[in-house]
Amino acid sequence: MSDLQSDVAAAMQRVKEQVETVIIGKRETVEMALVTLLVGGHLLIEDIPGVGKTTLAKTLAQSLGCVFKRIQFTPDLLPADITGTSIYNQKTQEFSFMPGPVFAQIVLADEINRATPKTQAALLECMEELQVSEGGVTHKLPRPFFVIATQNNIEHAGTYQLPEAQMDRFLMRVRLGYPNTDQEIGILNSQVQSHPLVNVTPVLDADALVLLQEKARAVVIAPALQRYIVEIVAATRQSDQVEIGASPRGSLALMHAAQAHAATAGRAFATPDDVKRLAPFVLAHRLILSAEARARGVEDTTVIQNILTQIPVPAV
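Sequence positions are assigned chain by chain, starting from 1 and proceeding in written order. For a predicted model such as this one, the threshold for reporting local features is a pLDDT of at least 70, and the threshold for listing and counting side-chain atom pairs is 80 or more; totals across whole chains, interfaces and linings nevertheless cover every residue. Where side-chain values are given, they derive from all heavy atoms of the structure, hydrogens and water being excluded.

A. The arrangement of the sheet that holds strand β9 (residues 172-174) in detail. Here, a strand pair is defined by DSSP locating no fewer than two bridges between the strands. Secondary structure elements are defined from DSSP: runs of H or I of at least 4 residues count as helices, runs of E of at least 2 residues count as strands, and each element is numbered from the N terminus. Here 5 strands make up an open sheet; going across it, the order is β2-β5-β8-β1-β9 and the pairing parallel. Only two strands of the sheet have a single neighbouring strand rather than two, namely β2 (68-72) and β9. On average, each strand axis in the sheet is tilted by 20 degrees relative to the strand beside it, whichever way the strands run. Across 5 bridges, β2 lies against strand β5 (residues 106-110) in parallel orientation. Residue pairing for β5: F68 is matched across the bridge by I106. Here the axes come from fitting lines to C-alpha atoms, over the contacting stretch only for helices, and the angles between their N-to-C directions go from 0 to 180 degrees.

B. Quick peek at the pairing of strand β1 (residues 43-46). Because side chains alternate across β1, one face comprises the buried residues L43 and I45, and the other comprises L44 and E46, equally buried. Pairing geometry for β1 and strand β8 (residues 146-151), over 4 bridges, is parallel. Note that in β8 the partner of L43 across the bridge is I148. Of the strand pairs in this sheet, β1 and β9 are connected by 3 bridges, and their pairing is parallel. Within β9, the residue paired with L43 across the bridge is M172. Whether a residue is buried, partly exposed or exposed follows from its accessible area with a 1.4 Å probe, protein chains only, as a fraction of its type maximum: under 20%, in between, or over 50%, in that order.

C. Representation of the side chain of H285 in the model. Turning to its location among the elements, H285 is positioned in the loop between α12 (272-283) and β11 (288-289). The class for H285 is buried, based on a relative accessible area of 6%. Under this definition, polar contacts are N or O atom pairs within 3.5 Å; protein pairs additionally need one hydrogen-donor-capable and one acceptor-capable atom, and for neighbouring residues in sequence, both atoms have to be side-chain atoms. Reaching out from H285, the side chain makes a polar contact with the backbone oxygen of F281 at a distance of 3.5 Å. Contact between two residues is taken to exist if any of their heavy atoms lie within 4.5 Å; hydrogens are not considered. Contact partners of H285, with chain neighbours within four places excluded, come to M167, F170, L171, M172, R173 and D300.

D. Structural view of the packing of aromatic side chains. Each Phe, Tyr or Trp ring (for Trp, its six-membered ring) is paired with any other whose centre lies within 6.5 Å, and the angle between the two planes then decides the class: stacked below 30 degrees, edge-to-face above 60, tilted in between. Going through the model one piece at a time under the given rule, you end up with 1 aromatic pair. A centroid spacing of 5.8 Å and a plane angle of 65 degrees characterise the contact between F97 and F103, whose relative ring orientation is edge-to-face. There is no split in this pair, since F97 and F103 are both buried.

Quick look at the structure:
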């Protein structure tokens, strides 16, 4: 283990330990959230109400010691309520920009699919270019910039499906699912007197997090592994179950996620196992399944798993 990657692994372990004092029995989901954080990407947490989506986001934010803001998405929310707007100052007789809640290092977009597509789209420039354009002026967002969005399943009342372009901006999509019996008893025990979130303390700060993100990008990706990633993504475009496959943004996301995953394990190089483990989380939400596949109830994650069994694994 190199000193470079051991620093990353140790830091992420400290964050994971903090988060797991609140989020019980969901280690894989927590690990995927940390990989997304290291990449500098954005995380979509999708599931039914009440399983801890918002709690995971708040716990992760509280562990990182960064400027945190929460936006509750509702049908009457406007784009300016997120990005900010120009206000006329009568004293100076000039317009001045009033930043919205998106000007934070960690932004929780809670129940993002309850807002209209127009309001959802206000985050597109923020997530991709790390900036807000208003009145012909570009305003840079702070670093690091990490959006954690939660959404209820689309069949629930009062929700709007996220546009494909919006989905593609999320590095990963994770789901929590119901806890098993022992896990649910553990949740009850942890909250008999108070919520464990009150005891979560920051173990990193913004500057340290940016440095860790830079270190994660130093992980080696062998040419054969790059080809493996491209072959997986290309297969999503050729599948008869998929109408529109993943774009090159998906290839880049999978490569960077593999680097970050290796770094959290203390390795200076990524392996095919990193890619195989991450592919369903990174690629599935980027697919638009064919009408026939949707009618048969095919899951996007199943399509990715099937592709992984068909693509030869390189010797790296």
